[in-house]
Amino acid sequence: MSSSIQGNAVSYWATEQVSPATGVPATPVWSNIRRTSGDIDIAKSFTQSSEVDSSRQPGYNVITGAEVSGSVDRDLSVADPSLELFVRASLQSAVGGTINSTGSTTFSNSAGTITQTGAFAAAVVGQYFVPFDSTLNERVFTITALTSDDEVVVSPAPTDETITATVVSKSIRNGSTQVGVAIQKRIPTEADTVYKTFEGCQVGSMSLSITSGSIVTMNYAFSGLGQASGTAQISGATDATIDTSRVTGSVKDVIEFFVDGTPQTPADVCYTDFTLAVDNGAQSNAAIGKEGACSISFGAANITGTLVSYVDGTTDTTSQSEIVKRDNETLFGLGVVLKDVDGNYLVVSMPSAQYTEVTQADTANGDVLKNNGSFSATGKPSGYAIEFNLIAKP
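Keep in mind that this is a model prediction, so the values were computed, not measured.

What counts, and where the lines are drawn
- Residues numbered from 1 in each chain as written.
- Predicted model: local features only at pLDDT ≥ 70, side-chain atom pairs only at ≥ 80, totals over all residues.
- Heavy atoms only, no water.
- Helix = DSSP H or I, 4+ residues; strand = E, 2+ residues; numbered from the N terminus.
- Contact = heavy atoms within 4.5 Å.
- Buried < 20%, exposed > 50% of the residue type's maximum accessible area, 1.4 Å probe, protein only.
- Phe/Tyr/Trp six-rings, centres within 6.5 Å; stacked < 30°, edge-to-face > 60°.

Chemist: Which residues make up the environment of Phe86, and what are the values?
Modeler: Residue placement: Phe86 occurs in helix H1 (residues 83-91). When the C-alpha atoms of Phe86 and Pro58 are compared, they prove to be 46 Å apart, with 28 residues separating the residues in sequence. With near-sequence residues (within four places) excluded, Phe86 lies in contact with Ala14, Ile33, Val181, Val203, Tyr220 and Phe222.

Chemist: Residue-level account of unusual backbone geometry, with values.
Modeler: Ser155 connects to Pro156 through a cis peptide bond whose omega is -5°. Here Pro156 shows up in the loop between strand S9 (151-155) and strand S10 (161-173). Positive phi outside glycine occurs at Arg56, with the angle close to 60°. Positionally, Arg56 belongs in the loop between strand S3 (37-48) and strand S4 (61-75). The exposed category is assigned to Arg56, whose relative accessible area is 74%. Even without glycine at this site, Asp133 takes up a positive phi of about 75°. Mapped onto the secondary structure, Asp133 falls in the loop between strand S7 (128-132) and strand S8 (141-146).

Chemist: Before we move on, could you go through the packing of aromatic side chains and cite the residues and values that matter?
Modeler: Going through the model one piece at a time under the given rule, you end up with eleven aromatic pairs. Note on Phe129 and Phe141: the rings are 6.2 Å apart at their centroids and 35° apart in plane angle, and the pair reads as tilted. Placement of the pair is Phe129 in strand S7 and Phe141 in strand S8, with a sequence separation of twelve residues. With a relative accessible area of 0%, Phe141 lands in the buried category. Seen in terms of ring centroids, Phe332 and Tyr355 are 5.0 Å apart; in terms of plane orientation they differ by 35°. Their pairing is tilted. Residue Phe332 is found in strand S22 (residues 332-339), and its partner Tyr355 is found in strand S23 (residues 345-363); the two are separated by 23 residues along the sequence. Tyr355 matches Phe332 in its accessibility class, with the two residues each being buried.

In structure tokens, the structure reads:
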């Protein structure tokens, strides 16, 4: 087989559309989609005519269906510039709260507050952020209350300090604003390059997996409206620089878990597996006279996941805490903090998770208990069920 048609030569590129229905931008700036596997293409279904005549010859095959779909598996990179686009498309959301300000910053342990003039004017309760340039307080805080544009109450309580610091965060929460993405598949051949451009793509589902001993992975599943194919690139199109930032591992890059805004340490609980899935209930609606879909419709977002942990089996409160949450139908906040080698953070959080099942098994003669939990998230109490906080080091 010629090297020019091997799978690793095929590349995928994306650009945002103003809306799913507006089509590919006139002069798109394409960003490379990082992936480990997966494919996006148009699948066509055929039906053979059952017409009968004296010749008894089989009939023609006719195209009776065509659907743009596919999925991409990837190793997560916290610093990947395209991560924001695909998270917004997955959560069907615009950017929510933003924090990006530098100035004199006061940290108060007794009040549990962080103060900087004007820094929190566009912040939202529940948002996670990091104060950079502080040796004492460069860590992740979650906002529990907004007292003014200048001050927030945070968890955990900070260490007393007054310095010049830069506070940063960009919050993306699930909503109902559909985000359109144009995706281009490039297939190099010996003579030229075939460009397959799929417009009106949307993310039907997204998943995230953090497992001890593994690289952190994500998956996006797409549906699209249609395809244009040819050997000429769109006039005026340009390519962004290909991102080569390091991918994220499950050891040094997963900093901590938050439960109800409180950081958990291995002394409290040891987490070994965390998975998260967002299913938008996408459905492609086929149309007469069109190879593709006339629209893509969605149901309610379904957010589920699993959490495996080891806890001290000798303490009643610790050993039964997850079982009690299940039995009492308790809503609890759950978040995970990732940090790459360059100091960029990603915080994935759910303000109102709820166990649907917890099973427990003993190890080490009962001194350590293993919890296998399944949960779902609701957005009824807070107005959102899941949030990604992108925190780029300045």
